[in-house]
Amino acid sequence: MSAVHSFFNKLSKTDGIFIAVALLCLFPVVSSPIALVLGFTLATFGLVPSQFNLAALTKKLLSYSIIGLGFGIQLDQAIEASKQGLGLIVASIFCTLLLGYVLTKLLRIEQKTGHLIASGTAICGGSAIAAVAPAINAKDDQTSLALATVFVLNAIALFIFPVIGHYLEMSQHAFGTWAAIAIHDTSSVVGAAGAYGDEALKTATTLKLARALWIIPIAFLSALMFKGNSKKIGVPFFILFYCLAIGVAYLLPDFQPLYTAIFSMSKRVLVVCLFLIGSGITIQKLRAAGIQPLLLGVLLWVCIGGGSLAYIQLS
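All values reported here derive from a predicted model rather than from experimental measurement.

Participant: It is not clear to me how the overall build of the chain should be interpreted in this structure. Could you clarify?
Facilitator: Counting its secondary structure elements, the chain contains 16 helices and zero strands. Rg of the C-alpha trace for the chain: 19 Å, near the compact-globule value of 20 Å for 315 residues, within the 12% margin. If you line up the chain on its principal axes, its C-alpha atoms span 60 × 45 × 45 Å. Relative to its 315 residues, the chain shows a buried fraction of 50%.

Participant: Hey, could you run me through the pattern of salt bridges in this one?
Facilitator: Side chains that carry opposite charge are capable of pairing whenever their charged atoms lie near each other. Under the defined criterion, the tally for this structure stands at one salt bridge. Aspartate 198 is the partner of lysine 267 in a salt bridge, and the nearest nitrogen-oxygen pair spans 2.9 Å. In this pair, lysine 267 sits in helix 14 (residues 256-278) while aspartate 198 sits in helix 11 (residues 198-212), placing the two residues 69 residues apart along the sequence.

Participant: For this particular structure, what's the right way to read helix 4 (residues 54-69)?
Facilitator: Because each turn of an α-helix spans 3.6 residues, side chains separated by three or four positions end up pointing in the same direction. For helix 4, with 16 residues, the first-to-last C-alpha span of 22 Å sits near the 22 Å given by 1.5 Å per residue. Those residues of helix 4 not exposed but buried are Leu54, Thr58, Leu62, Ser63, Ser65, Ile66, Ile67, Gly68 and Leu69. For helix 4, the secondary structure elements touched by its buried residues are helix 2 (13-24), helix 10 (186-196), helix 11, helix 13 (237-251) and helix 14.

Participant: Explain helix 6 (residues 111-122) to me, please; I cannot follow it from the model alone.
Facilitator: With twelve residues, helix 6 should reach 16 Å at 1.5 Å per residue; the first-to-last C-alpha distance of 16 Å fits that figure. Most of helix 6 sits out of view: eleven of its twelve residues are buried. Its side-chain oxygen placed 2.9 Å from the backbone nitrogen of lysine 112, glutamate 110 serves as the N-cap of helix 6.

Participant: How do you make sense of the packing of helix 9 (residues 172-182) against helix 11 when you look at a structure like this?
Facilitator: Two packed helices can be described by the angle between their axes and the distance between those axes. Between helix 9 and helix 11, whose axes approach to 7 Å, the crossing angle comes to 35°. With respect to the hand of their crossing, helix 9 and helix 11 are arranged in right-handed fashion. Of the residues in helix 11, those touching helix 9 at Gln172, His173, Phe175, Gly176, Thr177, Ala180, Ile181 and Ala182 are Asp198, Glu199, Ala200, Thr203, Ala204, Leu207, Lys208 and Arg211. Its residues assigned to classes, the contact of helix 9 with helix 11 shows seven nonpolar, five polar and four charged.

Participant: Looking at this structure, I do not really get the packing of aromatic side chains. What am I missing?
Facilitator: Here a ring pair, both rings aromatic, is described through the centre-centre distance and the interplanar angle of the planes. All told, the structure shown has seven aromatic pairs when counted by the stated rule. Where phenylalanine 94 meets tryptophan 214, the ring centres are 5.8 Å apart and the plane angle is 90°; that geometry is what we call edge-to-face. Taken together, the positions of phenylalanine 94 in helix 5 (residues 75-106) and tryptophan 214 in the loop between helix 11 and helix 12 (215-225) put the pair 120 residues apart, joining distant regions of the chain. On the accessibility criterion, phenylalanine 94 (37% relative accessible area) is partly exposed. Ring geometry for phenylalanine 161 and tryptophan 301: centres 6.0 Å apart, planes at 20°, overall stacked. Within this pair, whereas phenylalanine 161 is found in helix 8 (residues 140-167), its partner tryptophan 301 is found in helix 16 (residues 291-314), the two being separated by 140 residues in sequence. Here phenylalanine 161 matches tryptophan 301 in class, with each residue buried. Among the aromatic residues, those joined into a cluster by ring pairs are Phe161, Phe175, Trp178, Tyr196 and Trp301.

Participant: Would you take a moment to explain the nonpolar core for this structure?
Facilitator: Taken as a class, soluble globular proteins show a tendency for nonpolar side chains to be buried jointly. Of all hydrophobic cores here, the largest spans 89 residues; its most connected members are Leu116, Phe161, Met170, Phe175, Trp178 and Phe275. Broken down by element, this core gets its largest block of residues, ten residues, from helix 14. Those residues within four positions of phenylalanine 161 in sequence are excluded, and the remaining contacts are Phe175, Trp178, Ala182, Ile183 and Trp301.

Participant: Help me understand unusual backbone geometry in this model?
Facilitator: Among all residues save glycine, negative phi is the norm, and among peptide bonds the norm is trans. Even without being glycine, asparagine 137 reaches a positive phi, approximately 60°. Relative to the assigned elements, asparagine 137 resides in the loop between helix 7 (125-135) and helix 8. Residue asparagine 137 is classed as partly exposed on the basis of its relative accessible area of 40%. Its identity is not glycine, yet glutamate 169 carries a phi of approximately 55°, on the positive side. Note on placement: glutamate 169 falls in the loop between helix 8 and helix 9.

Participant: Help me understand a nonpolar patch on the surface in this model?
Facilitator: A surface patch of nonpolar side chains, about 560 Å² in accessible area, is lined by Tyr250, Leu251, Leu252, Phe255 and Leu258. When you line up the elements, phenylalanine 255 lands in the loop between helix 13 and helix 14.

Participant: What exactly am I supposed to notice about the packing of helix 10 against helix 11 here?
Facilitator: The contact between helix 10 and helix 11 brings their axes to 7 Å, and the two run at 160°. Judged on the interaxial angle alone, helix 11 and helix 10 are roughly antiparallel. Relative to helix 11, the crossing made by helix 10 is right-handed. Here helix 10 contributes Thr186, Val189, Val190, Ala193, Gly194 and Tyr196 to the contact with helix 11, which in turn contributes Ala200, Leu201, Ala204, Thr205, Lys208 and Leu209. Here the contact of helix 10 with helix 11 is composed, by residue class, of eight nonpolar, three polar and one charged.

Conventions and cut-offs
- Residues numbered from 1 in each chain as written.
- Predicted model: local features only at pLDDT ≥ 70, side-chain atom pairs only at ≥ 80, totals over all residues.
- Heavy atoms only, no water.
- Helix = DSSP H or I, 4+ residues; strand = E, 2+ residues; numbered from the N terminus.
- Rg over C-alpha atoms; globule rule 2.2 N^0.38 Å.
- Buried < 20%, exposed > 50% of the residue type's maximum accessible area, 1.4 Å probe, protein only.
- Salt bridge = Lys/Arg side-chain N within 4 Å of Asp/Glu carboxyl O.
- Expected span 1.5 Å × (residues − 1).
- Contact = heavy atoms within 4.5 Å.
- Polar contact = N/O pair within 3.5 Å; in protein donor to acceptor, adjacent residues only side chain to side chain.
- Axes fitted to C-alpha atoms, helices over the stretch in contact; angles between N-to-C directions.
- Left-handed = near helix turned anticlockwise from the far one by under 90°.
- Nonpolar A, V, L, I, M, F, W, Y, C, P; charged D, E, K, R; others polar.
- Phe/Tyr/Trp six-rings, centres within 6.5 Å; stacked < 30°, edge-to-face > 60°.
- Core = buried A, V, L, I, M, F, W, Y, C linked by side-chain atoms within 4.5 Å.
- Patch = residues over 30% accessible without salt bridge, like charges linked within 9 Å, V, L, I, M, F, W, Y side chains within 5 Å.
- Areas by Shrake-Rupley, 256 points an atom, 1.4 Å probe, with all protein chains shown as cover.
- Parallel < 35°, antiparallel > 145°, perpendicular 65-115°, else oblique.

Set out below in structure tokens:
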């Protein structure tokens, strides 16, 4: 108890506010979009503690929450969803990368910056950018610019996708598929799908992580294209543990109440992740994104979002 008491005594007023809001996000009263706004608001008013490594904490919590979501996925449904969405996933990835290459040339954007934005749009946002950047020997400012662009569009997606889905009266499965294809980061995919419904959440999570598996081959191809270092490619191990969680839930069905509890808790932890992501978005980062890189991101996003939506609605 003395250690806990000592810890809280060291906290400043800013630390206390930040931690209190983060804990509030664990409760259903705070939705995914609201969590993002709360984080951005605290960042705007300088209420984000500087001594915390929020990027590392967010990465870990996001990985843990995704693994936890695996306990709520039915294996047979996951296999079926992956089969149905595989063609759309592959087509969207390579079309986005090709279109990104063309638009980068037309907009006269630095080639590596354009490729990072295209990779983030094609696969899974910040995770793809983080994996591809060292493979192509990208500079810090190129990586930061690509991340800022993707973060801005992720924040917008979290709000507008559920609205569009309800307006078009999309089914849970259709919306989950669309979110998995058209939204960049896994956190925003799961956040938007979770706001739409549990079935949409399960479909989106399964397809999104199937899409995320393409990080490795795309990073290798990128290294070859830019004559970079293929030995610096990171492996997203949380995807393997996610698959393991699905397998455990399938092989040991007697513990279903426990799996349901883990799934529910993981959804709340994900909301906390969105709060942390929001607290890392500042006005300075939004300005740093600039007009042309942001325009590239928007054009790619509109193409992949509009194209996949049309395909899903017509199929």
